[in-house]
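Residue-level listing of the chains:
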Amino acid sequence: MTAGTEGHAPDVLADRARAEKVGLRKPGSPAQSSSGSRRGSLPTLGSAHPLAEQLPGVFADDDFILRFVSGLDVVLAPVFTVLDCLEAYFTPALAPEDFVGWLTDWVGTELDGTEPPATRRHAVASAVALHRVRGTRRGLSAAVELAFGIRPEITESGGATWSARPLGAFPGAPRPGLHVALRVHDPATVDPHRLRAVVAAARPAHLPFTAEVTATPSPEGT
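Quantities reported herein were computed from a predicted structural model and do not represent experimental measurements.

As a further point, take the overall build of the protein. Within the protein, the regular secondary structure consists of eight helices and three strands. Starting at the N terminus and walking to the C terminus, you meet the elements of the protein as α-α-α-α-α-α-α-β-β-α-β. Of all 222 residues assigned to the protein, the portion counted as buried reaches 32%. Taking contacts inside the protein between residues at least 6 apart in sequence as the whole, the part at least 24 apart equals 59%. Just so you have it, the protein exposes about 13800 Å², and 59% of that area is on carbon and sulfur atoms.

Extensive coverage of strand β2 (residues 178-184) is indicated by the burial of five of its seven residues. Here strand β1 (residues 153-156) runs beside β2; their pairing, made up of four bridges, is antiparallel. Bridged to E156 within β2 is L178. The sheet contact formed by β2 and strand β3 (residues 209-215) spans seven bridges and is parallel. The residue of β3 that forms the bridge with L182 is V213. Tracing the backbone out of β2, into helix α8 (residues 192-202) and back to the parallel element β3 gives a crossover that is right-handed.

For the rest of this paragraph, the subject is the nonpolar core. L140, V144, F148, L178, L182, L195 and V199 are the most contacted members of the largest nonpolar core, which has 19 residues in total. Of all the elements in the fold, those that place two or more residues in this core are α7 (137-148), β2, α8 and β3. Among the elements that make up this core, the one with the highest residue count is α7 (five residues). Look past the residues within four positions of L140 in its chain and what remains in contact with it is I154, L178, V180, V199, A202 and R203. Within the second largest apolar cluster, seven residues are counted, among which are A95, F99, V100 and L103.

A few words on α8. Note: α-helices contain 3.6 residues per turn, so residues at a spacing of three or four share the same orientation. Restricting attention to buried positions, one finds in α8 the residues R194, L195, V198, V199 and A202. One side of α8 carries all its buried residues, which in axial view fall inside an arc of 135°. Buried residues in α8 make contact with α7, β2 and β3. Structurally, the start of α8 carries an N-cap: the backbone nitrogen of H193 is 3.0 Å from a side-chain oxygen of D191.

Nonpolar side chains collect at one region of the surface, where F64, F68, L72, V75, L76, V79, L83, L86, F90, W102 and W106 lie side by side and expose about 1100 Å² of accessible area between them. Residue contributions to the nonpolar patch peak at seven residues, all from helix α2 (residues 63-84). With respect to the element layout, L83 can be found in helix α2. Classification of L83 as exposed rests on a relative accessible area of 54%.

Next up on the list: the pattern of salt bridges. Evaluated as defined, the whole model comprises five salt bridges. R194 is the partner of E115 in a salt bridge, and the nearest nitrogen-oxygen pair spans 3.5 Å. Here E115 is found in the loop between α4 (97-106) and α5 (117-125), whereas its partner R194 is found in helix α8, with 79 residues between them in sequence. Classification of R194 by relative accessible area gives buried; the value is 16%. Between E145 and R151 there is a salt bridge, and its shortest N-O distance comes to 3.3 Å. The class of R151 is exposed, set by a relative accessible area of 60%.

Our next topic: the sheet that holds β2. Taken in spatial order, the three strands line up as β1-β2-β3 in an open sheet, and their pairing is mixed. Of all strands in the sheet, those bounded by a partner on one side alone are β1 and β3. Strand-to-strand twist in this sheet, taken as the mean axis angle between neighbours without regard to direction, amounts to 15°. α8 contacts β2 and β3 of the sheet and is inclined by roughly 140° relative to β3.

What counts and what doesn't
- Throughout, residues of each chain are indexed from 1 in the direction in which the sequence is written.
- Under the rules for a predicted model, residues below a pLDDT of 70 receive no local features and side-chain atom pairs below 80 are neither given nor counted, while totals for whole chains, interfaces and linings still include all residues.
- The basis for every side-chain value is the complete set of heavy atoms in the structure, and neither hydrogens nor water enter the calculation.
- Under the DSSP-based scheme used, a helix requires at least four consecutive residues in state H or I and a strand at least two consecutive residues in state E, with every element numbered from the N terminus.
- The rule is simple: take the accessible area with a 1.4 Å probe, protein chains only, and divide by the maximum for that residue type; under 20% is buried, over 50% is exposed, in between is partly exposed.
- By definition, residues are in contact when any of their heavy atoms lie within 4.5 Å.
- A 1.4 Å probe and the Shrake-Rupley method give the accessible areas. Residues count as covered only by the protein chains that appear here.
- What makes two strands pair is DSSP finding at least two bridges between them.
- Note on handedness: a clockwise path from strand one over the helix to strand two, with the strands aimed away from the viewer, defines a right-handed crossover.
- What is meant by a nonpolar core is a set of buried Ala, Val, Leu, Ile, Met, Phe, Trp, Tyr and Cys residues, joined one to another through side-chain atoms within 4.5 Å.
- It is the directions from the helix axis to the C-beta atoms that the arc portrays.
- Identification of polar contacts relies on pairs of N or O atoms within 3.5 Å, with a donor-acceptor requirement for protein atoms, meaning one able to donate a hydrogen and the other able to accept it, and with residues adjacent in sequence counted only if both atoms are side-chain atoms.
- Surface patches are defined over residues having more than 30% relative accessible area and no salt bridge, joining like charges when they lie within 9 Å and nonpolar side chains (Val, Leu, Ile, Met, Phe, Trp, Tyr) when within 5 Å.
- One side-chain nitrogen of Lys or Arg within 4 Å of one carboxyl oxygen of Asp or Glu is enough to make a salt bridge.
- To define axes, lines are fitted to C-alpha atoms, for helices over the stretch in contact only, and angles between the resulting N-to-C directions are given on a 0 to 180 degree scale.

The structure is reproduced here in C-alpha cells:
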C-alpha cells in the first residue's frame, strides 16, 4: 500500500511538490535506490474519510469502538491517498521512480532499467510517438538514441526514386540489409549486445542487420 503527506486536493497534482506525495516518502528524507520501493506507511497520514465519523450514534461514544476503527483508518488512509493521486501515478513526470519502471514495461519501451530516471520518464512520455514510427529508419534512430543518448549512423539497402521512362534502374541494393553504427568516444563504455538488442527490436522485421560500436574519429591535427 502507498502513503503520502496529508492533504487530498486534486489541484495539487499540477505542482511538482505532488511528487513528494506520490513518491511515498517524507519530504526531506533521502531517496532510496532505484532498486528499492519507496512505498510505506506514514505515521502522521490521516484518513480522508475517518470511519468514526460514519458510525451510528449508538457507537459514537464508545471509546473501544472509536479506538478500533482508528486502527482501520491507518490501513485505509494509504488507499485513499493512492486513489486521490492516481492521475499522478500515470503521469511520467510525477510518478514514483519504481512505478516508472513498471510504466516502461507496460508501454513497451526498449529500455533495460539501467537508464537514469529522466531517460525512463522521457521514454514513457514519448512511447506512443515512437510506436507510430516503429520499423522505420526514423523509429530505429529514435530508439537507439533514447537508449544510448547518441544518434546512430544507419545504412540500409532500400531506396526510392522516380523515372520519366519505363524500365528504369531499381534504387537501393539488390540484397536486403541494415547496418547500424554507434560512434562514441570510448567504445568500451557501450555494451554491443545491448545495441544489437535495441536494433533487433526496432528494425523492420524482415531485414537482416549488423550493429557495431566504433570510436569517434579524432579531428585531424590532434
